[in-house]
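# A structural walkthrough
Residues per chain, in single letters:
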Amino acid sequence: MPRASDLLIVLTYAMIAVVAALAFERFGLMSTSFAWMMGAVVFLIASQAHSAAARSIERAEILKDIETLQAANLDLTEEVAEAQARLDTIAETIRAEAVQREEALTNEVRVLEDLVRRMGGSAANIPRSPAAPDSGGVDIHAVKDALAANRVDLYLQPIVSLPQRKTYFYESYTRLRDRSGNIMTPAVFIRAAEEAGIVAEVDNLLLFRCVQIVRRLTQSDRRIGIFCNISLSSMADEDFFPNFLDYMRRNSDLASSLIFEISQSAFEARSTAAARNMGRLADYGFRFSVDQMTDLNCDFADMQRAGVRFAKVTGDRLVKAIRENEPIAGLEAGTLIAEDIPSLFAKYGMDLIADRIEQEETVVELLDIDVGFAQGHLFGEPRPVRDDILDETIAEPIRRSA
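Note that the coordinates shown come from a computational prediction; the quantities given were computed from them, not determined experimentally. (Residues numbered from 1 in each chain as written. Predicted model: local features only at pLDDT ≥ 70, side-chain atom pairs only at ≥ 80, totals over all residues. Heavy atoms only, no water.)

## Let's talk about the overall build of the protein chain
Here is the rule we go by: Numbering of helices and strands runs from the N terminus, with a helix taken as a DSSP run of H or I at least four residues long and a strand as a DSSP run of E at least two residues long. Relative accessibility decides the category of a residue: with a 1.4 Å probe and only protein chains considered, values under 20% of the type maximum give buried, values over 50% give exposed, and everything between is partly exposed. Whether two residues touch is decided by their heavy atoms; if any such pair falls within 4.5 Å, the residues are in contact. Here the Shrake-Rupley method, with its probe set to 1.4 Å, supplies the accessible areas, and only the displayed protein chains count as covering residues.
When helices and strands are counted, the protein chain shows 14 helices and 10 strands. Buried residues in the protein chain amount to 41% of all 402 residues. Within the protein chain, counting contacts between residues at least 6 apart in sequence, those at least 24 apart form 70% of the total. Surface accessibility of the protein chain: about 22000 Å² in total, with carbon and sulfur atoms responsible for 55%.

## So, the packing of aromatic side chains
Put simply, the rule is: When two rings of Phe, Tyr or Trp (its six-membered ring) have centres within 6.5 Å they constitute a pair, described as stacked for plane angles under 30 degrees, edge-to-face for angles over 60, and tilted for the intermediate range. Whether a charge sits over a ring comes down to the Lys NZ or Arg CZ being within 6 Å of the ring centre and within 35 degrees of the ring normal.
As enumerated under the stated definition, the model contains 12 aromatic pairs in all. With a centroid separation of 5.3 Å and an interplanar angle of 75°, the aromatic rings of Phe169 and Phe310 are classed as edge-to-face. Taken together, the residues span a long stretch of sequence, with Phe169 in strand S2 (residues 167–177) and Phe310 in strand S7 (residues 308–314) at a distance of 141 residues. With respect to class, Phe169 is no different from Phe310; both count as buried. With a centroid separation of 5.5 Å and an interplanar angle of 65°, the aromatic rings of Phe169 and Phe373 are classed as edge-to-face. Taken together, the positions of Phe169 in strand S2 and Phe373 in strand S9 (residues 373–375) put the pair 204 residues apart, joining distant regions of the chain. We classify Phe373 as buried; its relative accessible area is 15%. Among the aromatic side chains, those forming a connected cluster through ring pairs are Phe240, Phe241, Phe244, Phe260, Phe286 and Phe288. Looking at Arg175, its charged tip hangs above the ring of Tyr155, at a distance of 5.5 Å from the centre. Between Arg270 and the ring centre of Phe267, over which it is positioned, the NZ or CZ distance is 3.9 Å.

## Points about the side chain of Asp153
Within the element layout of this structure, Asp153 appears in strand S1 (residues 152–161). By relative accessible area, which is 9% here, Asp153 ends up buried.

## Comments concerning the environment of Thr362
Mapping Thr362 onto the fold places it in helix H13 (residues 360–368). Residues Thr362 and Val319 lie 43 residues apart in sequence; the distance between their C-alpha atoms is 7.7 Å. Each residue touching Thr362, except ones within four places of it in the same chain, is listed here: Gly315, Asp316, Val319 and Ile357.

## Digging into the confidence of the model for the protein chain
Quick reminder of the rule: Each residue carries a pLDDT score, the predictor's own confidence in it, on a scale running from 0 to 100.
Per-residue pLDDT for the protein chain averages 77, and the proportion of residues at 70 or more is 69%. In this model residues 123–129 is a low-confidence stretch, pLDDT under 50, and it forms 9 contacts with partners more than four residues away in sequence or in other chains. Residue range residues 392–402 is modelled with pLDDT below 50. Its contacts to residues more than four positions away, or to other chains, number 26 contacts.

## Details of the packing of helix H5 (residues 199–217) against helix H7 (residues 241–250)
How we decide: Axis definition: a line fit to C-alpha positions, over the contact stretch in the case of helices; interaxial angles, taken between N-to-C directions, run 0 to 180 degrees. When describing relative orientation, an angle under 35 degrees is termed roughly parallel and one over 145 degrees roughly antiparallel, while 65 to 115 degrees is termed roughly perpendicular and anything else oblique. Here the nonpolar group is Ala, Val, Leu, Ile, Met, Phe, Trp, Tyr, Cys and Pro; Asp, Glu, Lys and Arg are the charged ones; every other residue, Gly included, is treated as polar.
Between H5 and H7, whose axes approach to 12 Å, the crossing angle comes to 5°. One element, H5, and the other, H7, form an angle in the roughly parallel class. Contacts from Leu207, Phe208, Val211, Gln212 and Arg215 in H5 reach Phe244, Tyr247 and Met248 in H7. Of the residues contributing to the contact of H5 with H7, the split by class is 6 nonpolar, 1 polar and 1 charged.

Here it is as structure tokens:
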């Protein structure tokens, strides 16, 4: 197109020159030769003027293109700088996370080694003998071997909302396996640990294993909440708890997913050291649950101050309290209607969970007072976590026991 337009312009100038030459000759202003010579001059002047104008326009366009390229280059430089800054930030984050993971792993291994060493040292002088008849055929050496080899299984039972029955939480239960794959229940291996005098070490190691597995389970979904039992001996163990607390501090991202559970009798009998350690965990955002609540006329304010955010009462016990109009949280009988019970727990920052629900009739009575959560075989039995998750979660066995 530019070539065609230039050709038309040249032809136009030529026609103007011819017309000018004919006009000079026709009106007698010049002789024929001078007239055509003057037409040629007009053609040259017009062509030069056009060329100058074209060059000026082209120069302006070039300058404009240069300015555009300079602006684009400046934008590109800024984008490169921003991209480099983002890369530097990502690299720094990766380095920080790597350091944090390494520190957490080091702390984790240190805690595990200490627990296994203490357990091994406590049980080293225990002679091998046939297990007692009431111990389920399990002796402490089998318990120790299962813990040291990470043969710890985690079972989860759903905690659902009412009336929707949608799963919001899980309660975790630990089981041990011997070398033959036989399951050892807590009633069995805790009894063996008590007879050997190492129940604190076993409790601590089970708690630590549970937290390890929960950390893996919550990596894919932070919305999930898991109740993990913690014993009074673990809470008051000044040898174990500082390292455990440091480990939980490094894993404080679990605070929204992990709820430590303790029985009402243990909570009310907690020592000063246990209360202090509960407070330290609460400072990092971890919550507590009190289960096996039989005395509903207890100090709710004390539970709230200790970081208790969930309270579990068996369905039958709750129904009995409702039917008999029992006093709750210091409120005398007759001053509290049944429908206000969940609100009373909520007043002290606690969600009420009715557990051990096995009959639909119990659910109907609980719905009448608008209980928010429920747990029991009616909604699902404890089921083991898949083996592939456990295999990815548990570290290599630590065998540095005495």
